[in-house]
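# Examination of the molecular architecture
Listed here are the chains, written in short residue letters.
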Amino acid sequence: MITLGDYLIVSGVLFSIGFAGVMLRRNLIIILMSLELMLNAANLSLVAFSRFRVDSTGLPNYNAQVFVFFIITVAAAEVAVGLAILVALFRARQTTDVKDISSLKF
Amino acid sequence: MITAPELEITVLVLGMVILMVEAFATNIDKRVLAFAAITGLAIVLLATFFVTPGASPSPTTGFWSFYTADRLSIFFKQFALVTTIFVLIMMTDYAPVVRSSFPGSTSQAGLGEFFALPIFTCVGLMYLVSAIDFVFIFVSLELVTISFYVLVSFTRRNPITLEAGIKYLVLSALSTAFLVYGIAWIFGVTGQTNLQRITEVLANPGTDRGAALLGMVFILVALGFKIAAVPFQIWVPDVYQGAPTPVTAYLSVGSKAAGFVVLLRVLQPFLALPQMQRLIVLIALLTLIYGNLAALPQANLKRLLAYSSIAHAGYLLIGVACFDGRAVSFYLAAYLLMTLLSFAVLIIVAQQTGEQISDFDGLAKRSPFLAFAMLIGMVSLAGVPFTAGFLGKFFIFYAALKQHQIALVVVGVITVGCGFYYYLKVVRAMYWQSTAKIDKIPVTGLSRLAISALIIATIWLGIFPQPVLDALQR
Amino acid sequence: MVLFVILCPIVAAILIMVGAPARKTALAASVLAFGATLFLIASFKQGQHDFQHVTSFTISPEWRLSFTTGIDGLSLVMVLLATIVTLAAVWFTGTIDKYENAFYACLLFISGGAIGAFASIDLFFFYAFHELALIPTFLLIGIWGSGNRVAAAWKITIYLAIGSFILLLGLILLYQSVPAVSRSFDIRTLTAAASLGQIAAEAQRHIYLLLLIGFGILISLFPFHTWAPEAYASAPAPAAMLHAGVLKKFGLYGLLRLAIPLLPEGARHWTNLLVVLLLGNIIYVGLVTIAQKRLDWMLGYSSVMHMGYIFLGIASATILGTTGAVVLIFAHGLSIALLFAIAGELRKQTGTLVFDELGGLAKVMPFAGLAFGFGVFAAIGLPGFANFAGEIMIFFGAFKNGWEMDRFHIFQIATALALWGVVISTVYMLRAYRKAFMGILNDRWNGLVDFRSGLRIPVALLVGALLCYGFFPQFFVRMVTPGFRTYLTVNKSR
């Protein structure tokens, strides 16, 4: 039997992988993918919490599941804008590597 | 009678109409759109004064379970509208720079969207300050953030701007992920997304507070990005420097104010947990010290204002740590005036010379009006009496002394001393230094009007704080 | 009427900034302010300790904050000092090469801030008006200063900013320390609360320390004094006159107004600390003054040193001592303004203030020599000048010591040491006079001209005020004492 704990562990692992990806990887497209991973880790916990939290009528708490739809929509918008900026950057600099974009410094 | 939700709908429709006109009417001077937007927002701003504030009629179900129209929210709706109006005025001044970054295409390319996007940001801010449910907070925060992504990287032929855009995008999205994950944990513990019900559940001793605290820490990280608190401030200097200047002004005022309102609202359920206060005190101390020390050696005025924005986040966090919502709100109102004033002058001067502090040399000779405006802005940011900035600091220190937060007070006073140094550096450039350039700097009528209004408001609020305090009375 | 005195310089400064003729407006404003002050003195009811001519505008009912102005004997003396020195400084200014309007506006802002601080009954505005002078000082030293003006301007600004924020903390704590019903920024309400013993002794100690440090930085109390000589040496003469003569007295006024009446327990607790620090002012700074090689630096240090006497008077907590402190505040304000004015004119004409290069100037500038002599004798405290009256009263008052009259105590040692301070100041003042004005005239200075008549009027004004005051100190003493008598006897009886 899979418990709530198992879902949370998977979600936590996904979140950490995503965070590590954002911090460590140098390619902007991979960074964007890692960000998506983090958002989806949160989605997974939300759905798991919702499924395991049954109210008096025997139904799951649907608030969280509705929230997940919002997150998916917003994430799509975010990626759309993000990729547009990336394309513009690639046109200007011919690179998607974060090491090459460091003209602003202290 | 006007009700609060109608305000946002009106602004939203205004934004849509302007976008449509922009798309289909190709032959007009696009600055007309900006003036139309300013007029529309001004009308909505007037309308806000006829809205009767009041708590939600039914705070647990339906529409009013995620939307409130209390005094705080009405005040910050006005705040958002005022900010947007001034930013649009600055944008009309900045239009030549935007045009020059779209070489080859028509002379009007890109301007329409540049004027339309802030309206959507404004809607986001207005919804955000009314949000009392995590789902609604998230959605409106993202409306603000995504329109900022576009605005920050708007002059996309400029590689610096694009770099700022990428940095803002990645770090903002990261903070969003933290926010969502934090909300998930709080939902997991309480089974609720409505802030009031979360408060009720957390007051129940059977609740697992540790997990809720974990969720709250994640949310704090996310909001720390929005309000530019140390150690989540790394994006601020780069993005502020790289973004188009009106957008920087908008970011530093609108985005920060929204972050603080949300912070005040989501901290409400967690007041019972003592760890929370200690954590915020720590963040406030770090932010104060870092922001002020890092601002000392800056030579670029935009970057200086970025660090000063971090420093002011520190003062605001003192207010948050003492849970004094009114002091924070008043400080934000003062911050709005003085920051917009400084940016308004910066935009005009930067087009003539540049953004470095040394580009302000001898400004007092070239344009006494602009120099005086900048003087008032800087003096208010530093916290000299008879300006709004001083009363803001006064209320913050009052709250801190009342709570016996000695560490915060001591560090606060020392950093105020640092502040005097780096703000007066600008004054020094304007008045002491001489310059070879002697040509006058032209100021358009609308900008002159806006800057005068900001000067008067900064001084007025520094002498008569009571109207604003009344507007914040719960 | 009080409001008129405050607004005169400030409105004039704003008018000058928008383009009114600088010198005429400034002179008119300072003459008007001076005249109005004389009128206030004439209509002042002697023997009362309440505030008179009170006007009040409510600013924030919630914070019990109101813009209240009024005068009692103490503040009237301070306002008179401020208006006299303002008039002298503005008259003395003459033409300025660059940004003439801004110069006059800055001067008038400093003066308006000082007058406003002295005439405010509300603590918030008392504080705020003083800060009004901060930025003009920064600009005055920065734009028109001489010598190492950049460092001096930064130093004075940062010192004063931090000092005043510490002071602000003290004021906020004071506000919070009284029970919520009588919580107010109004000095009268606070005094009433204090005389009922509503400010806890523990709180008094904390607040007094904060106020002492805050005011101490503003007054250049040892060891926070390092900004003062440098700033005064670099500042243009009118700015130094106003700052050393008037603005610095704000802190002393604040101590007299707040520390003794409101916080007697705090004052008693920190007496020993204050006595040690003020001896630092008198002895240490006095010796440093002797070592100075330039006239402007010497005057700067001497003004720091004389603060020590005034502190001694305040610390003594006797009616005699505190009254003497007020007399000396007034007298010192006039004499140091006079000395800075002459030094400024010398610098303008000779371009140097190093003692070794000057000498014999009294031959070519007899009027300047005479006036400087008056200033020097006043500063030393020769009988006939008000400084003498003030110092004598302070020494007698301090020797008695209001806290514990019967025993031997630190004040007796302090008074004995402070008397040596008089010797020290005699040494450096007379030496300066000899080196600058006596002796053999250097050939370089043959072409110097004496003060033109435009400069003689302000100098004569200051000298006249000094002498007048020196011969009739009793007039002012009678104005000041009733207020102190109430406070000090109330403290005694508890």
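Numbering of residues starts from 1 in each chain and follows the order in which that chain's sequence is written. By the order in which they are written, chains take letters starting at A while ligands take numbers starting at 1. Reporting of local features is limited, given that this is a predicted model, to residues whose pLDDT is at least 70; pairs of side-chain atoms are given and counted only at 80 or more, and all residues count toward the totals for whole chains, interfaces and linings. The side-chain numbers reported here are obtained from all heavy atoms of the structure, hydrogens and water having been left aside.

### Re the domain arrangement of chain B
All names here are of chain B. Residue ranges assigned to each domain were obtained from an automatic or database domain assignment. Per the domain assignment, the segments making up chain B are domain 1 (1-272) and domain 2 (292-474). A straight line from the C-alpha centre of domain 1 to that of domain 2 covers 23 Å. Put simply, buried area is how much 1.4 Å-probe accessible surface two parts lose in total, over both of them, once they are put together. In this assembly, domain 1 packs against domain 2 so that about 3400 Å² is buried in total across both faces, 77% of it on carbon and sulfur atoms. A side-chain nitrogen of Lys or Arg and a carboxyl oxygen of Asp or Glu constitute a salt bridge if their distance falls within 4 Å. Our count for the domain 1 to domain 2 interface comes out at one salt bridge. Put simply, Arg303 and Asp238 hold a salt bridge, and the shortest N to O gap is 3.2 Å. We define a polar contact as two N or O atoms separated by no more than 3.5 Å, with the added condition that, inside protein, one atom must be a possible hydrogen donor and the other a possible acceptor, whereas residues neighbouring each other in sequence contribute only through side-chain atom pairs. Taken together, the connections running from domain 1 to domain 2 amount to nine residue pairs in polar contact (both at pLDDT 80 or more). Helix and strand assignments follow DSSP, with helices taken as H or I runs no shorter than four residues and strands as E runs no shorter than two, numbered in order from the N terminus. Top element by residues in the side of domain 1 that touches domain 2 is helix H3 (residues 71-100). It accounts for 16 residues.

### Details of the layout of surface pockets
What the largest pocket holds in volume is close to 1400 Å³. Secondary structure elements with two or more residues in the lining of the largest pocket: helix H15 (368-382) and helix H18 (445-463) of chain B together with helix H1 (2-17), strand E1 (52-60), helix H4 (100-119), helix H5 (123-131) and helix H6 (134-144) of chain C. Here the term charged refers only to Asp, Glu, Lys and Arg, the term nonpolar to Ala, Val, Leu, Ile, Met, Phe, Trp, Tyr, Cys and Pro, and the term polar to all other amino acids, Gly among them. When its residues are assigned to classes, the lining of the largest pocket shows 40 nonpolar, three polar and no charged. In this analysis, the protein atoms alone were mapped onto a 1 Å grid. Cavities are point sets where a 1.4 Å probe fits without being able to get out; pockets are open sets with protein on both sides within 12 Å along at least five of seven lines; lining residues have an atom within 4 Å of a point. Grid points are joined across faces, edges and corners, and a volume is the space filled by probe spheres set on the points.

### Quick word on helix H1 (residues 4-24) of chain A
Residues and elements named next belong to chain A. Look at H1: 30 Å from first C-alpha to last across 21 residues, which is about the 30 Å you get at 1.5 Å a residue. Residues of H1 that are buried include every one of Leu8, Ser11, Phe15, Gly18, Gly21 and Val22, and no others. Taken down its axis, H1 places every buried residue within 150 degrees of arc, on the same side. Among the exposed residues of H1, those oriented more than 90 degrees off its buried face are Ile9 and Leu24. For a helix, the expected span equals 1.5 Å multiplied by the residue count minus one. Think of it in three bands: residues with accessible area under 20% of the maximum for their type are buried, residues over 50% are exposed, and the middle band is partly exposed, with areas taken using a 1.4 Å probe on protein chains only. It is the directions from the helix axis to the C-beta atoms that the arc portrays.

### A word on the interface of chain C and chain B
With 38 residues of chain C in contact, the opposing surface of chain B contributes 37 residues. Together, the buried faces of chain C and chain B total about 3500 Å²; carbon and sulfur atoms form 81% of this surface. Linking chain C to chain B there are one salt bridge. Here Arg326(B) and Glu62(C) are joined by a salt bridge, their closest N and O atoms 2.5 Å apart. Counting across the interface, chain C meets chain B through four residue pairs in polar contact (both at pLDDT 80 or more). Secondary structure elements with two or more residues in the side of chain C that touches chain B: E1, H5, H6 and helix H7 (149-177) of chain C. The element that contributes the greatest number of residues to the side of chain C that touches chain B is H7(C), accounting for 16 residues. Among the residues forming the side of chain C that touches chain B, the class breakdown is 30 nonpolar, four polar and four charged. Contact between two residues is taken to exist if any of their heavy atoms lie within 4.5 Å; hydrogens are not considered.

### What to know about the interface of chain B and chain A
Each partner contributes residues to the interface: chain B has 44 residues there, and chain A has 43 residues. Surface buried jointly by chain B and chain A totals about 3700 Å² across both partners, of which 79% is contributed by carbon and sulfur atoms. Three residues stand out in chain B for area buried against chain A, namely Glu163(B), Tyr181(B) and Phe187(B), and they jointly supply 17% of the buried area on that side. Seen at the junction of chain B and chain A, the total is zero salt bridges. Counting only elements with at least two residues in the side of chain B that touches chain A, the list comes to helix H5 (134-152), helix H6 (159-190), helix H9 (235-242) and helix H12 (301-321) of chain B. Considering every element that reaches the side of chain B that touches chain A, the biggest residue donor is H6(B), with 23 residues. Taken together, the residues of the side of chain B that touches chain A sort by class into 29 nonpolar, nine polar and six charged.

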